[in-house]
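Spelled out, the chains give:
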Amino acid sequence: MIATLFFEPSTRTRLSFETAVKRLGGEVLSVNDSAQSSIAKGESLQDTIRSVGNYADAIVLRHPNAGAAQAASIVSEVPIINAGDGAGDHPSQALLDVYTILQQKNRVDDLNIGVIGDVAHSRTLQNFAKLTSAYRPNLFLITPLGIQAPMELTRFLDQRRTKFRILHDWQAVLSSLDVVYINRIQKERYANVRDFSKITNFTVTTTTMTQLKPDAIVMSPLPRVEEIHPDVDNDNRAIYFQQANNGTFIRMALLAELCQS
Ligand code: NCD
């Protein structure tokens, strides 16, 4: 019996966790809107977690605050899976992303991987970059002007001796990339709409595709807004929907591992 508590918008993460539970023969209890739970009455997250743990064998939590999953795990008697904690982490996404690369390329070592977009605010870009450091990739952190790669990430990569470069322009490297991993500007993380509207993200178009290697792959955690033109979808190097499909398998594995008695 798995509880999914999603206090931030989600399509793929919640539904792939829920289908994963059901495919493993389990059942789902779910709260998808904090306005419909006792949180709206002023209950703390920790009290909610303590109570939900009575009804479920594990809790999948998405929450707008960084550190929420960690705080929940301190009081929880059942495993907590972090399904995204605000600007913090999204570890199961990183697992399915790296799995997708292994499936498509058989390796991560020595691949030229572009980590592209709002690296400052995107938990998926940050966690993806960190998880690739379990291998030996060449990372290119490619951020729009006005966005800096966070020190926390660059220090982490330095400590892991992961090769990376930071760029604000992708022209010089596009033709050498094996993996293009692009994510949207994280609008909801900007306190000021004016700051958000000043940022222009990179866009993958059919012209971009002509510059990429014939065997490059284009990935995204989705949702995409403007950073991948829909015309690119027909190119067989665009694998983001397959990538999303891998979410089910990775989450089945994760749940099976956690719920072994
Ligand atoms: C991502 C997220 O929620 O961080 N989406 C997802 O889980 N597949 C990426 C995003 O929202 O941009």
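Residues numbered from 1 in each chain as written. Predicted model: local features only at pLDDT ≥ 70, side-chain atom pairs only at ≥ 80, totals over all residues. Heavy atoms only, no water.

(A) A look at the packing of aromatic side chains. Scanning the model with the defined rule gives 4 aromatic pairs in all. With centroids separated by 5.4 Å and ring planes inclined at 65°, the aromatic side chains of Tyr240 and Phe241 adopt a geometry described as edge-to-face. Against the face of Phe156 rests Lys130, its NZ or CZ located 5.2 Å from the ring centre. (Phe/Tyr/Trp six-rings, centres within 6.5 Å; stacked < 30°, edge-to-face > 60°. Lys NZ or Arg CZ within 6 Å of the ring centre and 35° of its normal.)

(B) Inspection of the site of the ligand at higher detail. The environment of the ligand is formed by Thr13, Arg62, His90, Gln93, Arg123, Thr124, Asn183, Arg184, Gln186, Pro221, Leu222 and Pro223. At 2.7 Å, a side-chain N or O of Arg184 approaches an oxygen atom of the ligand. Contact between the ligand and Pro221: a nitrogen atom at 2.9 Å from a main-chain N or O atom of the residue. Protein contact buries 94% of the 310 Å² of open area that the ligand shows by itself. Taken together, the residues that form the shell around the ligand break down as 3 nonpolar, 6 polar and 3 charged. (Near = heavy atom within 4 Å. Polar contact = N/O pair within 3.5 Å; in protein donor to acceptor, adjacent residues only side chain to side chain. Areas by Shrake-Rupley, 256 points an atom, 1.4 Å probe, with all protein chains shown as cover. Nonpolar A, V, L, I, M, F, W, Y, C, P; charged D, E, K, R; others polar.)

(C) Main features of the side chain of Arg14. Note on placement: Arg14 falls in helix α1 (residues 12-23). Classification of Arg14 by relative accessible area gives buried; the value is 18%. Not counting chain neighbours up to four residues away, the residues in contact with Arg14 comprise Phe6 and Asn32. (Helix = DSSP H or I, 4+ residues; strand = E, 2+ residues; numbered from the N terminus. Buried < 20%, exposed > 50% of the residue type's maximum accessible area, 1.4 Å probe, protein only. Contact = heavy atoms within 4.5 Å.)

(D) A look at the environment of Ser92. Secondary-structure assignment places Ser92 in helix α4 (residues 91-105). Between the C-alpha atom of Ser92 and that of Asn234, which follows or precedes it by 142 residues, the distance is 27 Å. Beyond its immediate stretch of four places on either side in the chain, Ser92 contacts Phe17, Asn82, Ile250, Arg251 and Leu254.

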